[in-house]
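Listed here are the chains, written in short residue letters.
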Amino acid sequence: MRKRGRTSVIFFLCMAALLTGCGQKSAKEEINSIKIGVTVYDQYDTFVSQLMEHFKVYAREKSEETGIAINIEVYNASASQSAQNSQVEEMLGDGCNVICVNLVDRTEPTTIIDMAENQNVPVIFFNRELVAEDLERWNQLYYVGAKAFESGIMEGEIAADAFRKDPEADKNGDGVFQYVMLEGEAGHQDAIVRTEYAVSTIVDRGIEVEKLTYAIANWNRAQAQTKTAQIINEYGNQIELILSNNDDMALGAIDALKAAEIDREDWPVIVGIDGTDVGLEAVKSGELAGTVYNDGEGQALGMLNLAYALSMGEDISTLEMEEGKYIRLPYQKVMQTDVDEFLK
Ligand code: BGC
């Protein structure tokens, strides 16, 4: 019986690799299968679950291309750091060659780092960035993600352009953009940085802003709907802009506007970040003024290539990494005019 929250996927065991391995004694040819352990902070997070889908697809393709069986174990930490620590312990016990960790609490990587170092198993952290000092604790620690400030700047640019181009965006005509901020988890690097840079970018573009209020909705659509419904009750038509730290919360805000039966032409400008499938659909329909593509697909590929190279003992210096540790994919703005390219 497998433990709850764990799935195991065994990809394509290539007979050719098994056969050519017979009698060949070089170290490289002796490896015909690898095991990668992954633990995610919450398997129901839209962005993280899409990233994991891409990761599995890339693993299957890599397996077919190389003839190496890639066995992936995926655990759901269900927002518990102690559960995640136990999962890492189990993966190490299972003989995983590399562990990929989407930290629950990005300030608490110590237990995981110590356990992995004891067993000499490299760790790739992803999406939830630990502080640089923690990544320095051992030379087999890596991080795959993006530069959060870029997404904040792009979100601010989308909002500023909407204000400049559409006179209707300034509902009361006072020349000031009255906004509400929907924030992800307190303490998450993306929530902190996106919030700061989105607003400062609008201001840098010469637009005066007024913060009506904010809500922490933990990246979650349902929480964002509930909190936006309360904000609508309090501020109603004063809200000219909703800046959301991610698409799911922006979609929750849209759910609240619809539930409150507010006419479409009275909606504020709403901007998200991620470009998840549902987020892109909302850009296409015009409900979202735009989003910022967080390249989960590129992050999944970067993580798979690194995990594979580490497991096979290959030279990783050919992979594009900053400081030999960081793989960061760029963000991109997505507007209605180019959304189809991202939906493909
Ligand atoms: C994404 C969010 C996601 C969060 C999870 C962020 O980078 O934009 O959608 O919920 O990561 O850690």
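Because the structure is predicted, anything quoted here is derived from the model rather than measured. Throughout this description, residue numbers start from 1 for each chain and increase along the sequence as written. Reporting of local features is limited, given that this is a predicted model, to residues whose pLDDT is at least 70; pairs of side-chain atoms are given and counted only at 80 or more, and all residues count toward the totals for whole chains, interfaces and linings. Based on all heavy atoms of the structure, the side-chain values leave hydrogens and waters out of the count.

The subject of this paragraph is the domain arrangement of the protein chain. The domains assigned to the protein chain are domain 1 (2-145 + 296-313) and domain 2 (148-293). Residue ranges for the domains trace back to a domain assignment, done automatically or taken from a database. Between the C-alpha centres of domain 1 and domain 2 the distance comes to 35 Å. Contact residues are listed per partner, giving eleven residues for domain 1 and 13 residues for domain 2. Carbon and sulfur atoms make up 37% of the area that domain 1 and domain 2 hide from each other, which totals about 870 Å². When the buried area of domain 1 at its contact with domain 2 is split by residue, Thr46, Gln50 and Arg106 rank highest and sum to 44% of it. Any carboxyl oxygen of Asp or Glu that lies within 4 Å of a side-chain nitrogen of Lys or Arg is treated as forming a salt bridge with it. Linking domain 1 to domain 2 there are one salt bridge. Note that arginine 128 and glutamate 185 form a salt bridge whose closest N and O atoms lie 2.7 Å from each other. We call two residues in contact when some of their heavy atoms are within 4.5 Å. When two parts are brought into contact, each loses some accessible area as probed by a 1.4 Å sphere; the total of that loss over both is the buried area.

Next up on the list: helix 3 (residues 46-66). Only runs of H or I of at least four residues qualify as helices and only runs of E of at least two qualify as strands under DSSP, and these elements are numbered from the N terminus. Given a helix with a known number of residues, its expected span is that number minus one, times 1.5 Å. Between its first and last C-alpha atoms helix 3 spans 30 Å; for 21 residues at 1.5 Å apiece the expected length is 30 Å, and the two agree. Inspection of helix 3 places Phe47, Val48, Leu51, Met52, Phe55, Tyr58, Ala59, Lys62 and Ser63 among the buried residues, and these make up the whole buried set. All buried residues of helix 3 fall inside an arc of 140° around its axis, so they share one side. Two or three places before phenylalanine 47, at the opening of helix 3, aspartate 45 has a side-chain oxygen 3.0 Å from that residue's backbone nitrogen. Residue glycine 67 follows helix 3 closely and has a positive phi angle near 80°. Only protein chains enter the accessibility calculation, which uses a 1.4 Å probe; a residue is then buried when its area is under 20% of its type maximum, exposed when over 50%, and partly exposed in between. By arc we mean the arc of the directions from the helix axis to the C-beta atoms, nothing more. Pairs of N or O atoms are called polar contacts if they sit within 3.5 Å, as long as, within protein, a hydrogen donor faces a hydrogen acceptor (for residues adjacent in sequence, only side-chain-to-side-chain pairs).

Attention shifts here to the nonpolar core. Side-chain atoms within 4.5 Å link the members of a nonpolar core, which is a set of buried Ala, Val, Leu, Ile, Met, Phe, Trp, Tyr and Cys residues. In this structure, Ile36, Val38, Phe55, Ile124 and Phe126 are the most contacted members of the largest nonpolar core, which totals 67 residues. If one sorts the elements of this core by residue count, helix 12 (residues 296-312) sits on top with nine residues. When we break this core down by domain, the ones giving at least three residues each are domain 1 (2-145 + 296-313) and domain 2 (148-293). For valine 38, the residues in contact, after removing those within four places along its chain, are Met52, Phe55, Ile72, Glu73, Val74, Tyr75, Met91, Cys100 and Phe126. Core analysis: the next-biggest nonpolar cluster, separate from the first, contains 22 residues, Ala146, Met181, Val199 and Val269 among them.

Inspection of the entire model under this criterion finds 14 salt bridges. A salt bridge links glutamate 73 to lysine 35; its shortest N-O distance comes to 3.9 Å. Of this pair, glutamate 73 sits in strand 3 (residues 69-76) while lysine 35 is found in strand 2 (residues 33-40), placing the two residues 38 residues apart along the sequence. Because the salt bridges share partners, they merge into one network encompassing Glu129, Lys147, Glu322 and Arg328.

Where burial is concerned, most of strand 6 (residues 141-146) is hidden: six out of the six residues are buried. Of the two faces of strand 6, the one holding Leu141, Tyr143 and Gly145 and the one holding Tyr142, Val144 and Ala146 are both buried throughout. Whether two strands pair depends on DSSP finding at least two bridges between them. Relative to strand 6, strand 5 (residues 123-126) runs parallel, the two sharing four bridges. Within the sheet, the bridge partner assigned to valine 123 lies in strand 6 and is leucine 141.

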